[in-house]
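Below are the chains, spelled out letter by letter.
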Amino acid sequence: MATTRDVELLLLLFLLLTAAAPVFSSSPELSSSPLSFHRSHGSPAANDRRFQISDDMFWKDDRPFRIIGGDVHYFRVLPQYWRDRLLRAKALGLNTIQTYVPWNLHEPEPNKWVFEGIVDIEAYLKLAQELGFLVMLRAGPYICAEWDLGGFPAWLLAIEPPLKLRSSDTTFLHYVERWWAILLPKIAPLLYQNGGPIIMVQVENEFGSYGDDKAYLHHLVTLARKHLGHDIILYTTDGGSRETLDKGTIPGEGVFSAVDFSTGEDPWPIFELQKEYNAPGQSPPLSAEFYTGWLTHWGEQIAETDANRTAAALEKILSRNGSAVLYMAHGGTNFGFYSGANTGQNESDYKADLTSYDYDAPIKESGDVDNLKYKALRRVIQEYSGVALSLPPPDNGKKGYGLVTVHKIASFFEVLDDMNNPMTAVESEQPLAMESVGQMFGFLLYVSELPIMGTSSILKIQKVHDRAQVFVSCTSDKNGGSPTHVGVIERWSNGELEIPKVSCSSNISLFILVENMGHVNYGKYIFDRKGILSDVTVDGAVLLGWKMYPISLDICSKLFNVNPIKQVSISGTAEKISAEPGFYEGRFDIYSIEQVKDTFISFRSWNKGIAFVNNFNIGRFWPSFGPQCTLYVPAPILRQGENVVVILELHAPNPGLTINLVKKPDFTCGSKQYQK
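Residues numbered from 1 in each chain as written. Predicted model: local features only at pLDDT ≥ 70, side-chain atom pairs only at ≥ 80, totals over all residues. Heavy atoms only, no water.

1. Things to note about the overall build of the protein
Heads up, the condition is: Helix and strand assignments come from DSSP, with helices taken as H or I runs of at least 4 residues and strands as E runs of at least 2, each series counted from the N terminus. Think of it in three bands: with a 1.4 Å probe and only protein chains considered, a residue is buried below 20% of the maximum accessible area for its type, exposed above 50%, and partly exposed in between. To measure how exposed things are, a 1.4 Å probe is used in the Shrake-Rupley method; for residues, cover is taken only from the protein chains shown.
The helix and strand inventory of the protein stands at 12 helices and 33 strands. Looking at the 676 residues of the protein, the share that counts as buried comes to 61%. With the model as given, the accessible surface of the protein reaches about 24900 Å², and the carbon-plus-sulfur share is 51%.

2. Focus: helix 9 (residues 307-318)
Owing to its 3.6 residues per turn, the α-helix brings residues three or four apart onto one side. How we decide: In this scheme, a helix's expected span is set at 1.5 Å multiplied by one less than its residue total. The arc in question is formed by the directions pointing from the helix axis toward the C-beta atoms.
Between the first and last C-alpha of helix 9 there are 17 Å, a value that for 12 residues agrees with the 16 Å anticipated at 1.5 Å per step. By the burial criterion, the buried members of helix 9 are Ala 307, Thr 310, Ala 311, Ala 313, Leu 314, Ile 317 and Leu 318. In a view along the axis of helix 9, the buried residues occupy a sector of 160°, so they form one face of it. For helix 9, the exposed residues set more than 90 degrees away from the buried face come down to Asn 308 and Arg 309.

3. Concerning the side chain of Lys 530
Formally: Pairs of N or O atoms are called polar contacts if they sit within 3.5 Å, as long as, within protein, a hydrogen donor faces a hydrogen acceptor (for residues adjacent in sequence, only side-chain-to-side-chain pairs). When checking whether two residues touch, look at their non-hydrogen atoms; a contact exists if any pair is within 4.5 Å.
Among the structural elements, Lys 530 can be located in the loop between strand 22 (508-515) and strand 23 (531-532). For Lys 530, the side chain forms a polar contact with the main-chain oxygen of Gly 518, separated by 3.0 Å. When residues no more than four places from it in sequence are discounted, the contact partners of Lys 530 are Tyr 350, Ala 433, Met 434, Glu 435, Tyr 446, His 465, Asp 466, Arg 491, Asn 516, Gly 518 and His 519.

4. Topic: the sheet that holds strand 29 (residues 609-613)
We apply this condition: Two strands make a pair as long as DSSP finds a minimum of two bridges between them. Working convention: axes come from line fits to C-alpha atoms, limited for helices to the stretch in contact. Angles between N-to-C directions cover 0 to 180 degrees.
The strand order across the open sheet built from eight strands is 30-29-32-27-14-33-28-31, with neighbouring strands paired in antiparallel fashion. If you trace the sheet from one side to the other, it starts and ends with strand 30 (616-621) and strand 31 (630-633), each paired once. Within the sheet, the average angular offset between the axes of one strand and its neighbour, ignoring direction, is 25°. As paired strands, strand 29 and strand 30 are joined by five bridges and run antiparallel to one another. Each residue of the ladder has a partner; that of Phe 612, found in strand 30, is Asn 617.

5. Quick notes on the nonpolar core
For clarity, the cut-off: Side-chain atoms within 4.5 Å link the members of a nonpolar core, which is a set of buried Ala, Val, Leu, Ile, Met, Phe, Trp, Tyr and Cys residues.
One finds Ile 647 and Ile 659 to be the most contacted residues of the largest nonpolar core, which totals 157 residues. It is helix 5 (residues 170-187) that contributes the most residues to this core, nine residues altogether. Setting aside residues up to four positions removed in sequence, Ile 659 forms contacts with Gly 402, Leu 403, Val 404, Val 406, Ile 601, Ser 602, Phe 603, Trp 606, Val 645 and Ile 647. Ranked by size, the runner-up nonpolar core spans 29 residues in total, among them Leu 459, Val 472, Cys 474 and Leu 543.

6. Points about empty space enclosed by the protein
Convention followed: Lining residues are those with an atom within 4 Å of a point, where the points come from a 1 Å grid over the protein atoms alone and group into cavities, where a 1.4 Å probe fits but cannot get out, or pockets, open sets with protein on both sides within 12 Å along at least five of seven lines. Grid points are joined across faces, edges and corners, and a volume is the space filled by probe spheres set on the points. We call Asp, Glu, Lys and Arg charged. Ala, Val, Leu, Ile, Met, Phe, Trp, Tyr, Cys and Pro are nonpolar, and the rest, Gly among them, are polar.
By volume, the largest cavity is sized at about 50 Å³. Along the walls of the largest cavity sit Arg 76, Val 77, Leu 78, Tyr 81, Arg 85, His 330, Gly 332, Thr 333, Phe 335, Glu 365, Tyr 632 and Pro 634, which together make up its complete lining. Taken together, the residues of the lining of the largest cavity break down into six nonpolar, three polar and three charged.

7. A few points about the side chain of Ser 356
Looking at the element boundaries, Ser 356 is found in the loop between strand 13 (350-352) and helix 10 (372-385). Of the residues examined, Ser 356 reaches a relative accessible area of 7% and is grouped as buried. Of note is the side chain of Ser 356, whose polar atom sits 3.1 Å from the backbone nitrogen of Asp 358. Other than its neighbours up to four places away in sequence, Ser 356 contacts Gly 332, Asn 334, Glu 365, Gln 628 and Phe 667.

8. A closer look at unusual backbone geometry
Note that the residue after Glu 160, namely Pro 161, is joined by a cis bond; omega there is -10°. Residue placement: Pro 161 occurs in the loop between strand 6 (134-138) and helix 5. The amide bond that connects Tyr 327 to the next residue, Met 328, takes the cis arrangement and shows omega of 0°.

9. Focus: the packing of aromatic side chains
The test is simple: Each pair of aromatic rings taken from Phe, Tyr and Trp, with Trp reduced to its six-membered ring, is defined by centres within 6.5 Å and is described as stacked if the planes are under 30 degrees apart, edge-to-face if over 60, and tilted in the remaining cases. To sit over a ring, a charge needs its Lys NZ or Arg CZ within 6 Å of the ring centre and within 35 degrees of the ring normal.
Counted by the stated rule, this structure contains 42 aromatic pairs. Between Tyr 338 and Phe 441 the ring centres are 4.7 Å apart and the planes differ by 45°, which places this aromatic pair in the tilted class. Remark: Phe 441 occurs in the loop between strand 15 (426-428) and strand 16 (443-450) and Tyr 338 occurs in the loop between strand 11 (323-330) and strand 12 (341-343); sequence separation between them is 103 residues. Of the two residues, Tyr 338 and Phe 441, both sit in the buried class. Across from the ring centre of Tyr 357, 3.7 Å away, lies the NZ or CZ of Arg 76, which sits over that ring. Against the face of Phe 133 rests Lys 90, its NZ or CZ located 4.8 Å from the ring centre.

Okay, here's the thing in C-alpha cells:
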C-alpha cells in the first residue's frame, strides 16, 4: 500500500485542482461588390496591397490568383514544429494556409485570455507569411473541427438560463462580442491590405447544416466589419446543396459563399450552384474543404482514402482553374482533453473522436511525407501551379525506446479516502452537471449513500454523459480496502446495473466516477452538458444527497516528477492487478540530445485512460475499443536524461505492467464496437 506521504502528495494534487485547467498543462520550454473593391488594371503602388474578387476570379495585387491551400491548425501542432509542418505544406505546392481559431483555448475561463505557446496565433500567422503563405482565417465563433464543443468554451454550458448556441440569443451574442473584441483587433494588423498574410476571414462554419438564423449571421458580419473594416473579404463555407446554401449564406452583405462536398463528387455542377449565392462575377469556384481523408471515432476502423482517387478529384478542380483548400493538409493531434464527438439520430448515439487527428492527410500526424498520397497530390499541384516546387524536408527521425516498466503509485480510492475536506466538494440534493460545478474537462466523482440492503438492488441512471464507473463500499469501513467495482453505464447503451448485496454494519457509500469523453462538436445536440443529467434511482426510488468532487489532472505528472513517490509494494514477481482506477508511473532515460526523437507510446493490452509525458497531457487512450493503439509523443516534449510517464488507467493495466515506445503509429487495436 502507499505510504502516508504518497497519499498526502496525491491528495494535494486533487485539492489544488478542483477546477478544470487548460489542457496543455505545461508546454515544454524550448527555446463592385461590397465584398471587395474592383480591381484596377494599372500597376499597384508598392504599398498598395489588394486581394479582391471580380470576373469570377481571385486577384492578388491586380494579377489573377488561384488558391491552392490546405488546413494546418496551429493548436494541433507544438510550436516547435510549426515551421517544419509549414515547410512540408510549401513543398506540397500550397500557396495558402487555412486555420480555425478555437475560442475555448483562447478563453478557457471567462475573461482569462491566452495567446501564448501553442495558441500564439499571431506568431503562427507571421511565420506563415515569412514562409510565403497567404492565410484564410476561420474565426468562428463556431468551428466544428472535430474539436471539443466545436471550439466553444465549455463554461458557456454552465450559464443559466441555458444559452442557445449558434443563434441570435442576446446573451450568447454578448459573449461572442466580447471574444471577437479581443481576437479581431489582434489579427487586424495581419490583414493583407495592412501588410499581413490574411486574405479572407470566415464567418461561422457550415451554418447551413445546422440552423436558419439569418439575424445571427448578419450580426457576425457587422461585428467583423466593425473590427476589420470593409476591405477584407469575409466568406462562408457550406455544403454544396441548395438547402445548406439557402440557410448558410448571407445575402446582401457582400460575403463570399464558398462550398465543400464529398471528394469524388463532380465539382462543376456544385460550382455552378455556388454562383447563385454570389453576386454576378463574384463567384470564383472554391472548394474550401477538399477532403484528403476523414475523421475516425473510437470503436471504428481507421479511416483511409485512396491516394490516386484523391489526386484525381483534385485534378478535376485545378484543371479548369478552380481553387481548393485541402482539408487536411496536416491533421496533427488532439492533445489533452480536446478531441470532440459526434451524434447520430439522437443524443445517445454518441461517438467520440480519437486523440490522433492524422485524418489520413498527406502530411501525417508526425509530419512524415514519404507516402503515396503526398506524392500523388504534389504531382497534380505541380502540374497546375506553374511554379517549381521545393523538395520537402526529410522525415523527422523516430526512436523506439523500447519497453518501459511501470509501477502503480496509488489506487484512485487511496487518495479519495482522505478527500473529506469540504472545500473540495460541491453538495446538492440532486446530481449536478460537470460544467455547473466548474469542471469543464476530464472527470467528476459523484458520492452518495445507500441504505443497508438485504438483497441486491437495481441502479438506473437515465441520462449520463458520457461514461460512468460505479463502485460501492461500507461507509463506516475505513480500513477495508478499495470500494467494490459494480460496473459501467455508458451514454450509448443506457443500461442498468445490479448492485450486489453488501454486508455492512451501516450505510453503503456509492461512488460514480463520470468521464467527459469530449463535448459534441457538430449537429443539433451540440449543447452537450456532461456528468449525471437525470435522477439516479435504486429499485425505483430516487437517490438524494450528493457530494461532487471535481477531478482535474492536468499537472499531476509535474507533482509526481518533483516529488518522487514510493511505489506500491510488490509481492512476489508481479504486482497485484486490480480492475479499478489507478495511477501508474514509468521512467526512461535518453542518454544524448541526438537521441531525443519523436516516438509513439503503445498502450496495447491496456484498457482506457489518459497519459502524461514530462507534465504534458498527450491525450486519451482506449486500445480495448481501438483502433488507436499508440499516442504520439513529439520530440520537444522529451529531454535528455530522465523522462517520466504518468498514466491514469480507469480499469486494469497491461498485465505485464509495461508500455512500449515504438517508431511507428498503430491503428489496429480493438475488436469491440459501441453497443447500441
